[in-house]
Amino acid sequence: MRIYSVVLLSFSLLCCAGENQNLKSTEPPFGIVIHGGAGTILKQNMTSETEKAYRETLAKSIKVGHAILVAGGTSQQAVEKTIHVMENSPLFNAGKGAVLTANGFASLDASFMNGETLDAGAIAGVSHVKNPITAAIGVMEQSPHVMLSGKGADQFAMELGLDTVPNAYFITERRKNALKRVQDSEQKKTAFYDPFIKEAKFGTVGCVALDKKGNLSAGTSTGGMTNKKWDRIGDAPIIGAGTYANNASCGVSATGWGEFFIRSVVAHDIAALVEYKGLDIATASKQVIQKVEDLGGDGGVIVLDTEGNVTMEFNTAGMYRAHMDAKGNLSVKIYKDE
Ligand code: ASP
(Lines give C-alpha, C1' and ligand atoms only; values in the text may rest on other atoms or scores of the structure.)
Protein backbone atom coordinates (compact mmCIF):
# COMPACT_ATOMS: atom_id res chain seq x y z
CA MET A 1 0.00 0.00 0.00
CA ARG A 2 2.80 2.36 0.99
CA ILE A 3 4.88 1.55 -2.07
CA TYR A 4 1.78 1.98 -4.19
CA SER A 5 1.22 5.51 -2.76
CA VAL A 6 4.82 6.52 -3.37
CA VAL A 7 4.61 5.28 -6.96
CA LEU A 8 1.32 7.09 -7.42
CA LEU A 9 2.71 10.30 -5.92
CA SER A 10 5.84 10.24 -8.09
CA PHE A 11 3.67 9.49 -11.12
CA SER A 12 1.34 12.42 -10.42
CA LEU A 13 4.27 14.76 -9.73
CA LEU A 14 5.73 13.78 -13.10
CA CYS A 15 2.36 14.32 -14.75
CA CYS A 16 1.91 17.69 -13.09
CA ALA A 17 5.39 18.80 -14.09
CA GLY A 18 4.60 17.83 -17.66
CA GLU A 19 1.21 19.52 -17.53
CA ASN A 20 2.68 22.72 -16.09
CA GLN A 21 5.24 22.90 -18.85
CA ASN A 22 2.49 22.32 -21.36
CA LEU A 23 0.35 24.94 -19.71
CA LYS A 24 3.26 27.35 -19.86
CA SER A 25 3.93 26.80 -23.52
CA THR A 26 0.24 26.86 -24.45
CA GLU A 27 -0.61 29.76 -22.15
CA PRO A 28 -2.60 32.24 -24.25
CA PRO A 29 -0.54 35.24 -25.27
CA PHE A 30 -1.63 38.42 -23.55
CA GLY A 31 -0.99 42.00 -24.55
CA ILE A 32 -2.15 45.58 -24.46
CA VAL A 33 -2.30 48.44 -26.95
CA ILE A 34 -3.23 52.10 -26.47
CA HIS A 35 -3.75 55.26 -28.49
CA GLY A 36 -3.79 58.90 -27.44
CA GLY A 37 -5.37 60.32 -30.56
CA ALA A 38 -4.55 60.65 -34.27
CA GLY A 39 -4.14 63.83 -36.28
CA THR A 40 -1.76 66.24 -37.94
CA ILE A 41 0.97 65.36 -35.49
CA LEU A 42 4.22 66.49 -37.12
CA LYS A 43 7.70 66.51 -35.63
CA GLN A 44 8.28 70.09 -36.78
CA ASN A 45 5.28 71.27 -34.73
CA MET A 46 6.46 69.57 -31.54
CA THR A 47 9.09 70.70 -29.03
CA SER A 48 11.39 67.98 -27.75
CA GLU A 49 9.99 68.46 -24.21
CA THR A 50 6.41 67.98 -25.43
CA GLU A 51 7.36 64.91 -27.42
CA LYS A 52 9.18 63.48 -24.39
CA ALA A 53 6.14 64.14 -22.17
CA TYR A 54 3.84 62.29 -24.60
CA ARG A 55 6.19 59.32 -24.92
CA GLU A 56 6.67 59.09 -21.15
CA THR A 57 2.96 59.31 -20.40
CA LEU A 58 2.10 56.70 -23.04
CA ALA A 59 4.72 54.37 -21.50
CA LYS A 60 3.52 55.07 -17.95
CA SER A 61 -0.11 54.39 -18.92
CA ILE A 62 0.45 51.13 -20.76
CA LYS A 63 2.74 49.77 -18.03
CA VAL A 64 -0.11 50.09 -15.52
CA GLY A 65 -2.35 47.84 -17.63
CA HIS A 66 0.46 45.46 -18.50
CA ALA A 67 1.30 44.93 -14.82
CA ILE A 68 -2.36 44.04 -14.17
CA LEU A 69 -2.25 41.46 -16.98
CA VAL A 70 1.05 39.99 -15.75
CA ALA A 71 -0.49 39.54 -12.30
CA GLY A 72 -3.42 37.63 -13.84
CA GLY A 73 -5.90 40.53 -13.78
CA THR A 74 -8.68 40.83 -16.31
CA SER A 75 -8.49 42.77 -19.57
CA GLN A 76 -11.35 44.91 -18.21
CA GLN A 77 -9.25 45.99 -15.20
CA ALA A 78 -6.25 46.64 -17.45
CA VAL A 79 -8.25 48.83 -19.86
CA GLU A 80 -9.91 50.82 -17.08
CA LYS A 81 -6.73 51.55 -15.09
CA THR A 82 -4.66 52.34 -18.20
CA ILE A 83 -7.27 54.81 -19.42
CA HIS A 84 -7.36 56.45 -15.96
CA VAL A 85 -3.70 57.48 -16.35
CA MET A 86 -4.44 59.12 -19.71
CA GLU A 87 -7.68 60.71 -18.46
CA ASN A 88 -5.79 62.17 -15.50
CA SER A 89 -3.03 63.59 -17.72
CA PRO A 90 -3.63 67.06 -19.20
CA LEU A 91 -1.86 65.99 -22.43
CA PHE A 92 -4.75 64.04 -23.92
CA ASN A 93 -8.25 64.95 -25.01
CA ALA A 94 -9.97 62.91 -22.30
CA GLY A 95 -10.78 63.73 -18.68
CA LYS A 96 -8.41 66.53 -17.54
CA GLY A 97 -7.21 68.37 -20.65
CA ALA A 98 -10.31 67.54 -22.71
CA VAL A 99 -11.05 69.88 -25.61
CA LEU A 100 -13.74 72.50 -25.02
CA THR A 101 -17.23 73.02 -26.37
CA ALA A 102 -18.25 76.25 -28.12
CA ASN A 103 -19.38 77.52 -24.68
CA GLY A 104 -15.97 76.80 -23.13
CA PHE A 105 -16.93 73.72 -21.11
CA ALA A 106 -15.68 70.16 -21.13
CA SER A 107 -18.28 67.56 -22.16
CA LEU A 108 -17.01 64.01 -22.02
CA ASP A 109 -17.89 60.73 -23.75
CA ALA A 110 -16.64 57.19 -23.08
CA SER A 111 -17.48 53.58 -23.80
CA PHE A 112 -16.34 50.11 -22.81
CA MET A 113 -16.99 46.61 -24.16
CA ASN A 114 -16.18 43.18 -22.74
CA GLY A 115 -15.27 40.72 -25.51
CA GLU A 116 -16.12 37.60 -23.51
CA THR A 117 -19.70 38.49 -22.57
CA LEU A 118 -20.39 41.22 -25.18
CA ASP A 119 -21.58 43.40 -22.30
CA ALA A 120 -21.11 47.08 -23.00
CA GLY A 121 -21.60 50.48 -21.37
CA ALA A 122 -21.28 54.09 -22.45
CA ILE A 123 -21.81 57.64 -21.26
CA ALA A 124 -22.08 60.77 -23.40
CA GLY A 125 -21.98 64.48 -22.58
CA VAL A 126 -21.00 64.23 -18.91
CA SER A 127 -19.58 67.30 -17.18
CA HIS A 128 -18.50 66.14 -13.73
CA VAL A 129 -17.34 62.50 -13.72
CA LYS A 130 -13.59 62.55 -13.13
CA ASN A 131 -12.96 59.28 -14.96
CA PRO A 132 -15.59 58.76 -17.64
CA ILE A 133 -14.35 55.25 -18.51
CA THR A 134 -15.33 54.09 -15.01
CA ALA A 135 -18.79 55.58 -15.45
CA ALA A 136 -19.14 53.68 -18.77
CA ILE A 137 -18.19 50.45 -16.97
CA GLY A 138 -20.67 51.41 -14.23
CA VAL A 139 -23.46 51.67 -16.81
CA MET A 140 -22.52 48.21 -18.08
CA GLU A 141 -22.34 46.59 -14.66
CA GLN A 142 -24.86 48.46 -12.56
CA SER A 143 -27.68 49.55 -14.83
CA PRO A 144 -29.99 47.70 -17.21
CA HIS A 145 -28.86 50.10 -20.00
CA VAL A 146 -25.99 50.47 -22.43
CA MET A 147 -25.80 54.25 -22.82
CA LEU A 148 -26.62 57.18 -20.53
CA SER A 149 -26.22 60.84 -21.41
CA GLY A 150 -25.93 64.38 -20.00
CA LYS A 151 -27.15 65.29 -16.51
CA GLY A 152 -28.67 61.85 -15.99
CA ALA A 153 -25.31 60.18 -16.63
CA ASP A 154 -23.60 62.54 -14.16
CA GLN A 155 -26.30 61.80 -11.61
CA PHE A 156 -25.92 58.05 -12.16
CA ALA A 157 -22.16 58.34 -11.57
CA MET A 158 -22.78 60.29 -8.35
CA GLU A 159 -25.25 57.65 -7.17
CA LEU A 160 -22.58 55.01 -7.76
CA GLY A 161 -20.23 57.07 -5.59
CA LEU A 162 -17.73 57.71 -8.40
CA ASP A 163 -15.33 60.66 -8.08
CA THR A 164 -16.94 63.85 -9.37
CA VAL A 165 -15.26 67.23 -9.93
CA PRO A 166 -16.31 70.75 -10.92
CA ASN A 167 -16.14 71.25 -14.70
CA ALA A 168 -13.22 73.66 -14.21
CA TYR A 169 -11.04 70.65 -13.19
CA PHE A 170 -10.99 69.47 -16.82
CA ILE A 171 -10.17 72.87 -18.37
CA THR A 172 -6.56 73.76 -19.25
CA GLU A 173 -5.01 76.95 -20.73
CA ARG A 174 -3.89 75.00 -23.79
CA ARG A 175 -7.46 73.94 -24.62
CA LYS A 176 -8.76 77.48 -23.96
CA ASN A 177 -6.24 78.82 -26.48
CA ALA A 178 -7.14 76.09 -28.97
CA LEU A 179 -10.83 76.96 -28.67
CA LYS A 180 -10.08 80.63 -29.31
CA ARG A 181 -7.97 79.81 -32.35
CA VAL A 182 -10.57 77.43 -33.78
CA GLN A 183 -13.34 79.98 -33.24
CA ASP A 184 -11.29 82.76 -34.89
CA SER A 185 -10.44 80.64 -37.89
CA GLU A 186 -13.96 79.29 -38.24
CA GLN A 187 -15.10 82.86 -38.67
CA LYS A 188 -12.60 83.12 -41.51
CA LYS A 189 -13.79 79.71 -42.79
CA THR A 190 -10.27 78.21 -42.73
CA ALA A 191 -10.90 75.76 -39.91
CA PHE A 192 -10.37 72.43 -41.63
CA TYR A 193 -7.42 73.56 -43.73
CA ASP A 194 -5.19 74.72 -40.88
CA PRO A 195 -3.12 71.77 -39.55
CA PHE A 196 -3.15 73.25 -36.04
CA ILE A 197 -6.92 73.44 -36.09
CA LYS A 198 -7.27 69.84 -37.22
CA GLU A 199 -4.92 68.67 -34.49
CA ALA A 200 -6.71 70.80 -31.92
CA LYS A 201 -9.94 68.99 -32.73
CA PHE A 202 -8.80 65.47 -31.94
CA GLY A 203 -6.86 63.48 -29.31
CA THR A 204 -9.10 60.83 -27.80
CA VAL A 205 -7.59 57.99 -25.74
CA GLY A 206 -8.27 54.28 -26.08
CA CYS A 207 -7.05 50.90 -24.93
CA VAL A 208 -7.52 47.28 -25.98
CA ALA A 209 -6.24 44.44 -23.80
CA LEU A 210 -6.08 40.64 -23.95
CA ASP A 211 -5.71 38.85 -20.62
CA LYS A 212 -4.16 35.49 -19.78
CA LYS A 213 -7.58 33.84 -19.93
CA GLY A 214 -7.83 34.90 -23.58
CA ASN A 215 -10.49 37.57 -23.01
CA LEU A 216 -10.48 40.87 -24.89
CA SER A 217 -11.75 44.26 -23.68
CA ALA A 218 -11.79 47.66 -25.36
CA GLY A 219 -12.42 51.18 -24.06
CA THR A 220 -12.38 54.71 -25.45
CA SER A 221 -12.63 58.09 -23.67
CA THR A 222 -12.76 61.59 -25.16
CA GLY A 223 -13.69 65.24 -24.88
CA GLY A 224 -14.84 65.06 -28.52
CA MET A 225 -14.13 67.94 -30.91
CA THR A 226 -13.04 71.48 -30.04
CA ASN A 227 -15.87 74.02 -30.45
CA LYS A 228 -18.59 71.36 -30.59
CA LYS A 229 -22.13 72.71 -30.36
CA TRP A 230 -25.66 71.48 -29.75
CA ASP A 231 -24.52 68.66 -27.43
CA ARG A 232 -22.73 67.02 -30.36
CA ILE A 233 -21.69 63.41 -29.67
CA GLY A 234 -19.01 61.61 -31.69
CA ASP A 235 -18.11 57.99 -32.27
CA ALA A 236 -16.20 57.38 -29.01
CA PRO A 237 -19.24 56.44 -26.86
CA ILE A 238 -20.96 54.53 -29.66
CA ILE A 239 -20.52 50.78 -29.41
CA GLY A 240 -19.60 49.54 -32.88
CA ALA A 241 -18.30 52.92 -34.07
CA GLY A 242 -15.57 53.99 -31.59
CA THR A 243 -15.31 50.82 -29.51
CA TYR A 244 -15.95 47.12 -30.03
CA ALA A 245 -14.70 43.86 -28.50
CA ASN A 246 -15.60 40.27 -29.23
CA ASN A 247 -13.50 37.20 -28.39
CA ALA A 248 -14.72 35.73 -31.70
CA SER A 249 -12.84 38.38 -33.66
CA CYS A 250 -10.92 41.24 -32.01
CA GLY A 251 -11.03 44.35 -29.83
CA VAL A 252 -10.99 47.82 -31.39
CA SER A 253 -10.72 51.42 -30.17
CA ALA A 254 -10.89 54.29 -32.65
CA THR A 255 -9.87 57.93 -32.80
CA GLY A 256 -10.45 60.54 -35.44
CA TRP A 257 -13.17 62.56 -37.09
CA GLY A 258 -16.12 60.98 -35.30
CA GLU A 259 -18.81 61.73 -37.84
CA PHE A 260 -17.02 59.58 -40.44
CA PHE A 261 -16.33 56.84 -37.91
CA ILE A 262 -20.02 56.67 -37.04
CA ARG A 263 -21.05 56.54 -40.71
CA SER A 264 -18.50 53.77 -41.39
CA VAL A 265 -19.35 51.88 -38.16
CA VAL A 266 -15.58 51.47 -37.96
CA ALA A 267 -14.99 49.29 -34.89
CA HIS A 268 -17.70 46.73 -35.67
CA ASP A 269 -16.88 46.75 -39.37
CA ILE A 270 -13.31 45.64 -38.60
CA ALA A 271 -14.55 42.92 -36.22
CA ALA A 272 -17.12 41.75 -38.79
CA LEU A 273 -14.50 41.44 -41.54
CA VAL A 274 -12.40 39.33 -39.17
CA GLU A 275 -15.29 37.18 -37.94
CA TYR A 276 -17.29 36.65 -41.12
CA LYS A 277 -14.70 37.00 -43.85
CA GLY A 278 -11.75 35.54 -41.98
CA LEU A 279 -9.51 38.56 -42.69
CA ASP A 280 -6.55 39.20 -40.42
CA ILE A 281 -6.81 42.34 -38.29
CA ALA A 282 -4.24 44.31 -40.32
CA THR A 283 -6.04 43.74 -43.65
CA ALA A 284 -9.46 44.41 -42.10
CA SER A 285 -8.26 47.65 -40.46
CA LYS A 286 -6.64 48.94 -43.68
CA GLN A 287 -9.84 48.26 -45.58
CA VAL A 288 -12.04 50.12 -43.09
CA ILE A 289 -9.70 53.12 -42.67
CA GLN A 290 -9.67 53.37 -46.48
CA LYS A 291 -13.47 53.46 -46.38
CA VAL A 292 -13.27 56.38 -43.88
CA GLU A 293 -10.77 58.15 -46.16
CA ASP A 294 -12.92 57.63 -49.25
CA LEU A 295 -15.77 59.40 -47.44
CA GLY A 296 -13.41 62.31 -46.64
CA GLY A 297 -12.62 61.47 -43.00
CA ASP A 298 -9.43 60.72 -41.12
CA GLY A 299 -8.20 59.04 -37.96
CA GLY A 300 -7.03 55.65 -36.80
CA VAL A 301 -7.64 52.46 -34.84
CA ILE A 302 -5.81 50.13 -32.48
CA VAL A 303 -6.78 46.47 -32.78
CA LEU A 304 -5.82 43.32 -30.87
CA ASP A 305 -6.95 39.74 -31.47
CA THR A 306 -7.08 36.69 -29.19
CA GLU A 307 -3.70 35.46 -30.47
CA GLY A 308 -2.07 38.67 -29.31
CA ASN A 309 -1.62 40.09 -32.84
CA VAL A 310 -1.79 43.86 -32.88
CA THR A 311 -2.34 46.48 -35.55
CA MET A 312 -2.34 50.28 -35.36
CA GLU A 313 -3.74 51.71 -38.60
CA PHE A 314 -4.27 55.41 -39.37
CA ASN A 315 -4.40 57.77 -42.32
CA THR A 316 -3.14 60.88 -40.50
CA ALA A 317 0.42 62.20 -40.10
CA GLY A 318 0.63 60.63 -36.67
CA MET A 319 -1.11 58.76 -33.90
CA TYR A 320 0.07 58.62 -30.29
CA ARG A 321 0.31 54.91 -29.67
CA ALA A 322 2.00 52.14 -27.67
CA HIS A 323 2.02 48.37 -27.44
CA MET A 324 3.29 45.83 -24.90
CA ASP A 325 3.35 42.10 -25.49
CA ALA A 326 3.41 39.14 -23.09
CA LYS A 327 7.21 39.28 -22.86
CA GLY A 328 7.06 42.91 -21.77
CA ASN A 329 8.46 44.35 -25.03
CA LEU A 330 7.32 47.97 -25.18
CA SER A 331 7.00 50.10 -28.29
CA VAL A 332 5.94 53.76 -28.14
CA LYS A 333 5.38 55.67 -31.37
CA ILE A 334 3.98 59.00 -32.53
CA TYR A 335 4.73 59.69 -36.19
CA LYS A 336 3.72 57.75 -39.30
CA ASP A 337 7.27 56.89 -40.39
CA GLU A 338 8.41 55.36 -37.08
N1 ASP B 1 -13.39 60.59 -32.33
C2 ASP B 1 -13.54 61.69 -31.41
C3 ASP B 1 -14.82 62.41 -31.70
O4 ASP B 1 -15.15 62.60 -32.85
C5 ASP B 1 -12.43 62.67 -31.47
C6 ASP B 1 -11.06 62.06 -31.44
O7 ASP B 1 -10.87 60.88 -31.69
O8 ASP B 1 -10.12 62.77 -31.14
O9 ASP B 1 -15.46 62.83 -30.78
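Thresholds applied
- Residues numbered from 1 in each chain as written.
- Predicted model: local features only at pLDDT ≥ 70, side-chain atom pairs only at ≥ 80, totals over all residues.
- Heavy atoms only, no water.
- Pairing = 2+ DSSP bridges.
- Helix = DSSP H or I, 4+ residues; strand = E, 2+ residues; numbered from the N terminus.
- Axes fitted to C-alpha atoms, helices over the stretch in contact; angles between N-to-C directions.
- Contact = heavy atoms within 4.5 Å.
- Expected span 1.5 Å × (residues − 1).
- Buried < 20%, exposed > 50% of the residue type's maximum accessible area, 1.4 Å probe, protein only.
- Arc of directions from axis to C-beta.
- Parallel < 35°, antiparallel > 145°, perpendicular 65-115°, else oblique.
- Nonpolar A, V, L, I, M, F, W, Y, C, P; charged D, E, K, R; others polar.
- Near = heavy atom within 4 Å.
- Polar contact = N/O pair within 3.5 Å; in protein donor to acceptor, adjacent residues only side chain to side chain.
- Areas by Shrake-Rupley, 256 points an atom, 1.4 Å probe, with all protein chains shown as cover.

Asker: Describe the sheet that holds strand β12 (residues 330-335), listing the residues and the values that go with them.
Answerer: Pairing is mixed across the open sheet formed by eight strands, whose spatial order is β4-β3-β2-β6-β5-β1-β11-β12. The sheet terminates laterally at β4 (147-149) and β12, the two strands that pair on one side only. If you compare each strand with its neighbour and ignore which way they point, the axes differ by 5° on average. Here strand β1 (residues 31-39) pairs with strand β11 (residues 318-325) via seven bridges, running antiparallel. Paired with Ala38 across the two strands is Met319, which belongs to β11. Relative to the sheet, helix α2 (residues 48-70) contacts β1, β5 (205-210), β11 and β12, its axis offset from that of β12 by approximately 145°. Strands in contact with helix α3 (residues 75-88) are β1, β2 (108-114), β5 and β6 (216-222); relative to β5, the strand with the most contacts, it is inclined by about 155°.

Asker: Kindly report on the sheet that holds strand β10 (residues 310-314), identifying the contributing residues and their values.
Answerer: The four strands lie next to each other as β7-β8-β9-β10, forming an open sheet whose pairing is antiparallel. Both outer strands of the open sheet, β7 (243-245) and β10, are each paired with one neighbouring strand and no more. Across this sheet, the average inter-strand angle for adjacent strands is 10°, counted without regard to direction. Direction of pairing for strand β9 (residues 299-305) relative to β10: antiparallel, over a ladder of five bridges. Across the sheet, residue Leu304 finds its bridge partner in β10, namely Val310. Contacts from helix α9 (residues 266-277) reach β7, β8 (250-256) and β9 within the one sheet, and its direction differs from that of β8 by about 145°.

Asker: Requested: an account of unusual backbone geometry, with residues and values cited.
Answerer: Of note, Leu118 is a non-glycine position whose phi angle comes to about 65°, a positive value. Its location among the elements puts Leu118 in the loop between β2 and β3 (120-126). Within the chain, Trp230 stands out as a residue other than glycine whose phi angle is a positive 55°. Examined against the element boundaries, Trp230 turns out to sit in the loop between β6 and β7.

Asker: Break down the environment of His84 for me, citing the residues and quoting the values.
Answerer: Checked against the element boundaries, His84 lands in helix α3. For the pair formed by His84 and Ser61, sequence separation is 23 residues and the distance between their alpha carbons is 8.1 Å. The residues touching His84, leaving out its near neighbours within four places in the chain, are Asn131, Ile133 and Thr134.

Asker: Describe in detail helix α6 (residues 173-187), supporting the description with residues and values.
Answerer: The first and last C-alpha atoms of α6 sit 21 Å apart over 15 residues, in line with the 21 Å expected at 1.5 Å per residue. By the burial criterion, the buried members of α6 are Arg175, Ala178, Leu179, Val182 and Ser185. Down the axis of α6, the smallest arc covering the buried residues is 140°, so these residues share one side. Across from the buried face of α6, at angles greater than 90 degrees, the exposed residues are Glu173, Lys180 and Gln187.

Asker: Quick rundown of the packing of α3 against helix α4 (residues 132-142)? Include the residues and the values.
Answerer: Running from N to C, α3 and α4 cross one another at 150°; their axes reach a closest spacing of 8 Å. By the criterion of interaxial angle, the relationship of α3 to α4 is roughly antiparallel. Of the residues in α4, those in contact with Gln76, Glu80, Ile83, His84 and Glu87 of α3 are Pro132, Ile133, Thr134, Ile137, Met140 and Glu141. Its residues assigned to classes, the contact of α3 with α4 shows five nonpolar, three polar and three charged.

Asker: Describe the site of the ligand, listing the residues and the values that go with them.
Answerer: Within the structure, the ligand sits among ten residues, and Gly203, Thr204, Asp235, Thr255 and Gly256 are positioned closest to it. In this structure, an oxygen atom belonging to the ligand sits 3.0 Å away from a main-chain N or O atom of Gly258. When the free accessible area of the ligand is taken as 270 Å², the share hidden by the protein chains comes to 100%. Per-class residue counts for the shell around the ligand are one nonpolar, seven polar and two charged.

Fair warning: the whole summary comes from geometry, so function is off the table for now.
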